[in-house]
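Commentary on secondary and tertiary structure
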Amino acid sequence: MSEEKPLWAPWRIEYILGEKPQGCVFCQMPKDNDDKGHRILHRGNTCYLILNIYPYNNGHLMIVPFRHMCDYTGLTDEELAESAELTRLGMQILNEAMKPDGFNVGINQGKAAGAGIDEHLHIHIVPRWNGDNNFMPVIGQTKVIPQHLTETYGILAAALRRK
């Protein structure tokens with residue numbers, strides 16, 4: 001068994017001390033009308049683009065349908081088309097603002113597939129840079145996120161405004 005290592009992540013205190021929403025977090029956030037606070041970058045007709053607050057990598061985005069559902073095959077044609085458009089938009093703003101060398105784009109549908117929130121479908125866009133998998137996660141079992149989420153949100157929101 002591996003030994004747990006401390007990791008400084010000051011933005012998590014907001015979640016720890018904050019009031020927890022009743023029900024589905026992905027349904028509640030758009031209803032709160034606090035896009036900056038929830039780090040929602042863009043609202044479409046059927047889906048929204050949001051910065052992941054527990055990222056795999058800096059700039060990790062998600063596309064989330066407004067409608068509460070968990071099965072990709074249950075997306076309407078409009079939801080499917082808009083989720084693809086928002087995936088492209090997310091990659092465009094990440095390319096402009098953060099210049100990644102590549103992307104991981106995917107869906108973890110169901111707990112068995114690794115979904116952290118399995119009751120509401122969401123698509124991940126994870127920017128990747130050559131060499132971003134350094135010794136920290138390999139040896140130290142720790143991932144370093146080099147930029148605070150608020151700063152990342154501001155940079156990506158500015159890139160989105162230029163679109």
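See above for the structure.
Presented here is an overview of the structure given in this document. (Residues numbered from 1 in each chain as written. Predicted model: local features only at pLDDT ≥ 70, side-chain atom pairs only at ≥ 80, totals over all residues. Heavy atoms only, no water.)

1. A word on the overall build of the chain
- In terms of regular secondary structure, the chain is built from six helices and five strands.
- Ordered by position in the sequence, the α and β elements of the chain form the string α-α-α-β-β-β-α-β-β-α-α.
- Going through the 163 residues of the chain one by one, you find that 39% of them count as buried.
- Of the contacts made within the chain by residues no fewer than 6 positions apart, 64% connect residues no fewer than 24 positions apart.
- About 9,600 Å² of surface is accessible on the chain, with carbon and sulfur atoms providing 54% of the total. (Helix = DSSP H or I, 4+ residues; strand = E, 2+ residues; numbered from the N terminus. Buried < 20%, exposed > 50% of the residue type's maximum accessible area, 1.4 Å probe, protein only. Contact = heavy atoms within 4.5 Å. Areas by Shrake-Rupley, 256 points an atom, 1.4 Å probe, with all protein chains shown as cover.)

2. Side note on the side chain of His122
- With respect to the helices, strands and loops of the structure, His122 is situated in the loop between strand S4 (102–106) and strand S5 (123–128).
- With relative accessibility at 6%, the residue His122 sits in the buried group.
- At 2.9 Å, the side chain of His122 forms a polar contact with the backbone oxygen of His120.
- Separated by 3.4 Å, the side chains of His122 and His124 make a polar contact.
- Among residues more than four places away in sequence, those in contact with His122 are Phe26, Met62, Ile63, Val64, Gly106, Ile107 and Ile117. (Polar contact = N/O pair within 3.5 Å; in protein donor to acceptor, adjacent residues only side chain to side chain.)

3. Considerations on the nonpolar core
- Of all hydrophobic cores here, the largest spans 19 residues; its most connected members are Leu41, Leu61, Ile63, Ile93 and Leu156.
- Elements with a contribution of two residues or more to this core: strand S2 (47–51), strand S3 (61–65), helix H4 (77–98), S5 and helix H6 (149–161).
- The greatest single-element share of this core, amounting to six residues, is contributed by H6.
- When neighbours within four sequence positions are excluded, Ile63 is seen to be in contact with Cys47, Tyr48, Leu49, Ser83, Leu86, Thr87, His122, Ile123 and Ile125.
- Counting residues in each nonpolar core, the second largest holds nine residues, with Phe26, Met29, Ile40 and Val64 among its members. (Core = buried A, V, L, I, M, F, W, Y, C linked by side-chain atoms within 4.5 Å.)

4. A short note on the packing of H4 against H6
- For the pair H4 and H6, the least separation of the axes is 9 Å and the interaxial angle reads 110°. Taken as axis vectors, H4 and H6 run roughly perpendicular relative to one another. On H6, the residues that touch Leu89, Ile93, Leu94, Glu96, Ala97 and Met98 of H4 are Thr152, Ile155, Leu156, Ala159 and Leu160.
- Partitioned by chemical class, the residues of the contact of H4 with H6 number nine nonpolar, one polar and one charged. (Axes fitted to C-alpha atoms, helices over the stretch in contact; angles between N-to-C directions. Parallel < 35°, antiparallel > 145°, perpendicular 65-115°, else oblique. Nonpolar A, V, L, I, M, F, W, Y, C, P; charged D, E, K, R; others polar.)

5. A few points about empty space enclosed by the protein
- The final tally for this structure, using the stated rule, is one cavity of 30 Å³ or more.
- In this model, the largest cavity occupies a volume close to 40 Å³.
- For the lining of the largest cavity, a count of residues per class yields five nonpolar, five polar and one charged. (1 Å grid on protein atoms, 1.4 Å probe; cavity = no way out; pocket = protein on both sides within 12 Å on 5 of 7 lines; lining within 4 Å. Points joined across faces, edges and corners; volume = space filled by probe spheres on them.)

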